[in-house]
Amino acid sequence: KLQLLEVVLDLGRLPIARFADGDEVLGTGDVLDYDDIERAMDTVGEVGGDNRAGINRTLHRISVIRNRKGGVVGLTARVG
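Residues numbered from 1 in each chain as written. Predicted model: local features only at pLDDT ≥ 70, side-chain atom pairs only at ≥ 80, totals over all residues. Heavy atoms only, no water.

(A) A look at the overall build of the protein chain. Each helix and strand counted, the protein chain has one helix and six strands in total. From first element to last, N terminus to C terminus, the protein chain shows the α and β order β-β-β-α-β-β-β. With the principal axes as the frame, the protein chain shows a C-alpha extent of 35 × 30 × 20 Å. Looking at the protein chain as shown, the accessible area adds up to about 5,500 Å², and 50% of this sits on carbon and sulfur atoms. The average position of the 11 basic charges and that of the 13 acidic charges among the side chains of the protein chain differ by 6 Å. (Helix = DSSP H or I, 4+ residues; strand = E, 2+ residues; numbered from the N terminus. Areas by Shrake-Rupley, 256 points an atom, 1.4 Å probe, with all protein chains shown as cover. Lys, Arg positive; Asp, Glu negative; His and termini not counted. Charge placed at Lys NZ, Arg CZ, Asp CG, Glu CD.)

What follows is the structure in structure tokens.
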């Protein structure tokens, strides 16, 4: 595979690693649930009003998707 571009974690879907030459499913083939999203969010810095965050001491950027009640239901981590 070419260089990793981003990792996509969306509630109710399979986790995906996105490469320039295509996507690859991550993990055991189980769809993500709220606990998975919460664990991922535990490693992310504070999410701002623009629904973006960073991971301390890295250049990675995180974008979150929220439901109508404001809960995070998905996140995309862009590498580099």
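(B) Focus on the sheet that holds strand β4 (residues 52-54). With antiparallel pairing, the six strands of this open sheet are ordered in space as β3-β2-β1-β6-β5-β4. Edge positions in the sheet fall to β3 (22-25) and β4, since each of these pairs with one other strand and no more. Shown here is a sheet whose adjacent strand axes are inclined to one another by a mean of 20 degrees, direction ignored. Pairing analysis gives five bridges linking strand β1 (residues 4-10) to strand β6 (residues 72-78), with the strands arranged antiparallel. Bridge pairing links Asp-10 to Gly-74 in β6. Sitting on the sheet, helix α1 (residues 34-42) is in contact with β1, β5 (61-66) and β6, with an inclination near 45 degrees to β6. (Pairing = 2+ DSSP bridges. Axes fitted to C-alpha atoms, helices over the stretch in contact; angles between N-to-C directions. Contact = heavy atoms within 4.5 Å.)

(C) Structural view of the side chain of Ser-63. In this fold, Ser-63 is placed in strand β5. A distance of 2.9 Å separates a polar atom in the side chain of Ser-63 from a polar atom in the side chain of Arg-78. For Ser-63, the contacting residues outside a window of four places in its chain are Asn-51, Arg-52, Gly-74, Leu-75, Thr-76 and Arg-78. (Polar contact = N/O pair within 3.5 Å; in protein donor to acceptor, adjacent residues only side chain to side chain.)

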